[in-house]
Amino acid sequence: MSASGDAMFEMHLEEDQVKVLEENFTKVSKHPDDTTLMLIAAECGLSEVDTAKWFRMRNAQWRKAEGLPAELGSVKD
């Protein structure tokens, strides 16, 4: 993993956990509903809170890479 100061990497996730999270982020939803989040958490062996935290941080990272505001919401002129 990266040695950056991102909180996502401070969670000390295993490689297989990151793989499952990334697959769900790219193929299923960047904003999973509660049921989907619960299933992803169970598959990864993480708490729902940690899984939701990962998705929030990963969304902010994605939005920054896309040149969008880090926070969810409409893009303003």
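Above this text is the structure in question.
Let me sum up the structure you'll find in this document.

Parameters and conventions
- Residues numbered from 1 in each chain as written.
- Predicted model: local features only at pLDDT ≥ 70, side-chain atom pairs only at ≥ 80, totals over all residues.
- Heavy atoms only, no water.
- Helix = DSSP H or I, 4+ residues; strand = E, 2+ residues; numbered from the N terminus.
- Buried < 20%, exposed > 50% of the residue type's maximum accessible area, 1.4 Å probe, protein only.
- Contact = heavy atoms within 4.5 Å.
- Axes fitted to C-alpha atoms, helices over the stretch in contact; angles between N-to-C directions.
- Parallel < 35°, antiparallel > 145°, perpendicular 65-115°, else oblique.
- Nonpolar A, V, L, I, M, F, W, Y, C, P; charged D, E, K, R; others polar.
- Expected span 1.5 Å × (residues − 1).
- Arc of directions from axis to C-beta.

What follows covers the side chain of Asn24. Here Asn24 shows up in helix H2 (residues 15-28). Relative accessible area serves as the criterion here: at 11%, Asn24 is assigned to the buried category. Ignoring sequence-local partners within four residues, the contact set of Asn24 consists of Ser29, Ile40, Glu43 and Phe55.

Looking now at the environment of Ala52. Here Ala52 shows up in helix H4 (residues 48-65). With 20 residues separating them in the primary sequence, Ala52 and Pro32 have C-alpha atoms 8.7 Å apart.

What follows covers the packing of helix H3 (residues 34-44) against H4. Where H3 meets H4, the closest approach of the two axes is 9 Å, and the angle between their N-to-C directions is 105 degrees. Between H3 and H4, the crossing angle belongs to the class labelled roughly perpendicular. Each of Leu37, Met38, Ile40 and Ala41 in H3 lies in contact with H4, whose residues at this interface are Glu48, Thr51, Ala52 and Phe55. For the contact of H3 with H4, a count of residues per class yields 6 nonpolar, 1 polar and 1 charged.

Let us look at H2. Along an α-helix, a turn takes 3.6 residues, which lines up residues three or four apart on a common side. Compared with an ideal rise of 1.5 Å per residue, which puts 14 residues at 20 Å, H2 spans 19 Å between its outermost C-alpha atoms and is within 8% of the ideal. Within H2, burial applies to Gln17, Val18, Val20, Leu21, Asn24 and Phe25. All buried residues of H2 lie within an arc of 165 degrees about the axis, which places them on one face of the element. Among the exposed residues of H2, those oriented more than 90 degrees off its buried face are Glu15, Asp16, Lys19, Thr26 and Lys27. Looking at the buried positions of H2, the neighbouring elements they touch are H3 and H4.

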